[in-house]
Amino acid sequence: DKTHYFVKQLSDYFLFSLYLVMNILYIGWLLLVYGLGALYSVSIHESFTLTLASGDPSNYFYFLRQLRNIGVGLIIAYIVYKTSLARIRSRRYLILAWVLILTLLLFTPLGLELNGARLWLQVPFLATIQPWEFFKLGFVLLISDRLVRKKLILQSFWWFIKFGIVISLCFLVFLLLRDNGTILILALTSLISYWYLGGKKRFVGIMIGIGIVAASLVVSQVNYVRDRFDAFLNPDADTSGRGITYQIKNALTAVGWGGIWWKWYGKWLQKFGYIPEAQSDYIFAAFSEELGLFGNSILIGLYIWLALYFLTRIKGIRDDYLRGMGVGIISLIILQAFVNIWVNINILPSTGLTLPFVSFGGTAIMVNMIELVLLHKILVEGKELKKLY
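Keep in mind that this is a model prediction, so the values were computed, not measured.

Enquirer: What's the story with the overall build of the chain in this structure? I'm lost.
Expert: Along the backbone of the chain there are 15 helices and three strands. The buried share among the 389 residues of the chain stands at 47%. Taking as baseline every contact in the chain between residues at least 6 positions apart, the subset at least 24 positions apart corresponds to 72%. Per element, the accessible surface of the chain, about 19700 Å² overall, is 69% carbon and sulfur.

This is the structure in structure tokens:
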């Protein structure tokens, strides 16, 4: 009994100490480690195929490149960490103008097209970047500011109409870029921010209804969207076996073969060319084959822990703008994570969104690290700052 009591006391002390020193950055690091472990295993075939033509084939091209991306992301995140929230807020219009210019450059010869989508920007003397990743963060910074500044008229119907028109114009840009995933994430984040900062639930319901009608029109009139939706509803319609439903079927096969318990890290077959983009869009399905429901539960638990950790501590922040910005950022991360997972298990049509902190991508991982630092700064600095308005 004394031994049991001693072990229990030691365990309680350890958990309490961990609670005291724990912060949101640690949760982000755990997600990054999980992502590196997944990428190391599932990107072997894609890495070898990509580097074979160079005469120096490598199984770990994507893994090593992701390590470099994280290194660059650490430098940028450190700069953000050393910049005060007040300075970031004062530069919000400059930040949005910068990311908007980068996004519009996608319509110029600098924009790279792949499968009809123009989502990559070739920066001279540098690698390609994805401006829409930066745009999402800049969008949250601005929309939080506007909602707080207009809080007194936030429940005005005419202001709500103007708010919807401005957001719709942003969505039109991404529709032309064939980036439906970003439209979905920004639309949901806008509604969450509007509701959290005091908007009327009735207006939120109206906007959801308008969004459903608009989405139906897009599905019926835009060919590439209709093709994705048809493949989602009827994966067996493609008789060739290599068409638009190919990745859906193989992703589901990988998840199903994973079972409840893992098959063992580094093993199994679907990552060997059967799942396209196993290192990015479909990394969840590819890694599911190895770690099964057990490994998936760890990943989903980390995302839920990240959200709960932030949302349960944000109540101590007095400034409405910082709370709105924090809710917007955590919404971006969690919504994108679950949309990606739902696409991988065919609950949603393909969106092209990556899995935050896990999928391969230089711009994405850098923005994720910036978002994590901003969430940390909101919790730490926000309690010390007086209301900025």
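Enquirer: Would you mind going over the pattern of salt bridges with me for this structure?
Expert: When the charged atoms of two side chains with opposite charge come close together, those side chains can pair. For the structure on display, the rule yields five salt bridges. Ionic pairing is found between glutamate 133 and lysine 136, a salt bridge with its closest N-O pair at 3.4 Å. Of this pair, glutamate 133 and lysine 136 both sit in helix 7 (residues 131–149), three residues apart, which is roughly one turn of the helix. In this pair, the class of glutamate 133 matches that of lysine 136, namely buried. Close ionic contact of aspartate 320 with arginine 323 constitutes a salt bridge, the shortest N to O distance being 2.2 Å. With aspartate 320 and arginine 323 both in helix 14 (residues 320–344) and three residues apart, this pair spans about one turn of that helix. Residue aspartate 320 is classed as buried on the basis of its relative accessible area, which comes to 15%. Salt bridges sharing partners connect three or more residues here, namely Arg89, Arg92, Asp145 and Asp319.

Enquirer: Help me out: how do you make sense of the packing of helix 12 (residues 246–258) against helix 13 (residues 283–313) in this one?
Expert: The description of two packed helices rests on the angle between their axes and on the distance between the axes. Orientation of helix 12 relative to helix 13, taken along the N-to-C sense of each, is 15 degrees, at an axis distance of 6 Å. Considering their axes alone, helix 12 and helix 13 lie roughly parallel with respect to each other. Seen along the crossing, helix 12 lies across helix 13 with a hand that is left-handed. Mapping the contact onto sequence places Ala251, Ala254, Val255, Trp257 and Gly258 in helix 12 and Ala285, Ser288, Glu289 and Gly292 in helix 13.

Enquirer: When you look at the packing of aromatic side chains in this model, what are you seeing that I'm missing?
Expert: What characterises a pair of aromatic rings is the spacing of the ring centres plus the angle enclosed by the ring planes. Per the counting criterion, the structure on display carries eight aromatic pairs. Plain terms: the ring middles of tyrosine 40 and tyrosine 60 are 4.9 Å apart, the flat faces sit at 15 degrees to each other, and that makes the pair stacked. Here the residue tyrosine 40 occupies a position in helix 2 (residues 24–42), and tyrosine 60 occupies one in the loop between helix 3 (44–52) and helix 4 (61–81), the gap between them amounting to 20 residues. Judged by its relative accessible area of 31%, tyrosine 60 falls in the partly exposed class. Ring centres of tyrosine 62 and phenylalanine 360 lie 4.8 Å apart, and the angle between their planes is 75 degrees; on these two criteria the pair is classed as edge-to-face. Placement of the pair is tyrosine 62 in helix 4 and phenylalanine 360 in the loop between helix 14 and helix 15 (362–381), with a sequence separation of 298 residues. On the basis of relative accessibility, which here comes to 18%, the residue phenylalanine 360 falls in the buried class.

Enquirer: Would you mind going over the nonpolar core with me for this structure?
Expert: Soluble globular proteins: nonpolar side chains tend toward being buried together. Grouped together as the largest cluster of nonpolar side chains are 101 residues, with contacts concentrated most on Met325 and Leu355. Ranked by residues supplied to this core, first place goes to helix 14 with 14 residues. In contact with leucine 355, other than residues within four places in its own chain, are Ile283, Phe284, Leu299, Tyr303, Ala337, Asn340 and Ile341.

Enquirer: So what exactly am I meant to see when it comes to the environment of serine 41 here?
Expert: Looking at the secondary structure, you find serine 41 in helix 2. For the pair serine 41 and asparagine 59, spaced 18 residues apart in the sequence, the C-alpha separation amounts to 9.5 Å. Look past the residues within four positions of serine 41 in its chain and what remains in contact with it is Tyr265, Gly266, Lys271, Phe287 and Glu290.

Conventions we followed
Residues numbered from 1 in each chain as written. Predicted model: local features only at pLDDT ≥ 70, side-chain atom pairs only at ≥ 80, totals over all residues. Heavy atoms only, no water. Helix = DSSP H or I, 4+ residues; strand = E, 2+ residues; numbered from the N terminus. Buried < 20%, exposed > 50% of the residue type's maximum accessible area, 1.4 Å probe, protein only. Contact = heavy atoms within 4.5 Å. Areas by Shrake-Rupley, 256 points an atom, 1.4 Å probe, with all protein chains shown as cover. Salt bridge = Lys/Arg side-chain N within 4 Å of Asp/Glu carboxyl O. Axes fitted to C-alpha atoms, helices over the stretch in contact; angles between N-to-C directions. Parallel < 35°, antiparallel > 145°, perpendicular 65-115°, else oblique. Left-handed = near helix turned anticlockwise from the far one by under 90°. Phe/Tyr/Trp six-rings, centres within 6.5 Å; stacked < 30°, edge-to-face > 60°. Core = buried A, V, L, I, M, F, W, Y, C linked by side-chain atoms within 4.5 Å.

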